[in-house]
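Coordinates in review
As a plain string of letters, each chain reads:
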Amino acid sequence: VVANLQSLCISESLGIADWGFVGDVVAMAKEKDVTLCVETGSLRVVQKAGEKFDSIRYCIDTGFANIDGKASFNDYVDRLAERTTYVHLTDNYGRLDDHEPPGVRGGMGNANWKYLLDRLCDYDNDVIGAFEMCPCMPGTMIEQGSKFLFDVMGWPDQPEKSADFDRETAYHPL
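First, a word on what this report is: a plain description of the structure on this page. The shown structure was predicted, so the numbers you read here are calculated from the model rather than taken from an experiment. (Residues numbered from 1 in each chain as written. Predicted model: local features only at pLDDT ≥ 70, side-chain atom pairs only at ≥ 80, totals over all residues. Heavy atoms only, no water.)

1. So, helix H1 (residues 19-31)
Residues three or four positions apart in an α-helix share a direction because the helix packs 3.6 residues into each turn. Convention followed: In DSSP terms, a helix is any run of H or I states spanning at least four residues, a strand is any run of E spanning at least two, and both are numbered starting from the N terminus. Any helix carries an expected span of 1.5 Å times its number of residues minus one. For every residue, the accessible area obtained with a 1.4 Å probe (protein chains only) is divided by the maximum for its type, and the residue is called buried under 20%, exposed over 50%, and partly exposed between those limits. The arc in question is formed by the directions pointing from the helix axis toward the C-beta atoms. The contact criterion used is simple: two residues touch if any of their non-hydrogen atoms lie within 4.5 Å.
Taking 1.5 Å per residue, 13 residues should reach 18 Å; H1 reaches 18 Å between its end C-alpha atoms and fits that length. All of the buried residues along H1 are Trp19, Val22, Gly23, Val26 and Ala29. For H1, the angular spread of buried residues about the axis comes to 125°, placing them on one side. Residues of H1 that are exposed and point over 90 degrees away from its buried face: Asp24, Met28 and Glu31. Buried residues belonging to H1 abut strand E2 (10-11), strand E3 (16-17) and helix H2 (43-52). In the segment just after H1, Asp33 is the residue with positive phi, at about 60°.

See below:
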């Protein structure tokens, strides 16, 4: 389960955190054998949650990591990679979390994507990645993001298309 800081009653802007509530959520997750991941927010606050609760894992949101004014992208990755089990793959231009497809429109440089993969590979974690983009249609989002990550950057474990996949009929909301 991926939870953001606010859903765990942690607010950096207000300077408050209900660590008792977080403890209850952590205990419930352990009891149900569920991995609890805290999504990237303020690096300091995310790390504090991890320090308080050993079982908490991290979800690196590449878009947020690229726009934080207090920590560099590489710093986010370095500090969180060891306990990362989930990655939100999204791109931006360094000012707003635009949720662009990775690498398609020239947001973050290829060096950041390579650094992320290299650092994640330093650890033996099973990491799940999810494209987090808008306003793309799902088929376009998957196609563009996959082409960049697997074909251009050479990330491992590219999923195979199912034999019955037909892009023309896969998604038509209207």
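From this point on, the discussion continues.
2. Overview of the packing of helix H4 (residues 73-80) against helix H5 (residues 110-120)
Put simply, the test is: Here the axes come from fitting lines to C-alpha atoms, over the contacting stretch only for helices, and the angles between their N-to-C directions go from 0 to 180 degrees. Here the word oblique covers every angle except those under 35 degrees (roughly parallel), over 145 (roughly antiparallel) and from 65 to 115 (roughly perpendicular). Put simply, Ala, Val, Leu, Ile, Met, Phe, Trp, Tyr, Cys and Pro go in the nonpolar bin, Asp, Glu, Lys and Arg in the charged bin, and everything else, Gly too, in the polar bin.
At a closest axis distance of 10 Å, the pairing of H4 and H5 adopts a crossing angle of 10°. The orientation of H4 relative to H5 falls into the category roughly parallel. Of the residues in H5, those in contact with Phe73, Asn74, Val77 and Asp78 of H4 are Asn112, Tyr115, Leu116 and Arg119. A per-class count over the contact of H4 with H5 returns 4 nonpolar, 2 polar and 2 charged.

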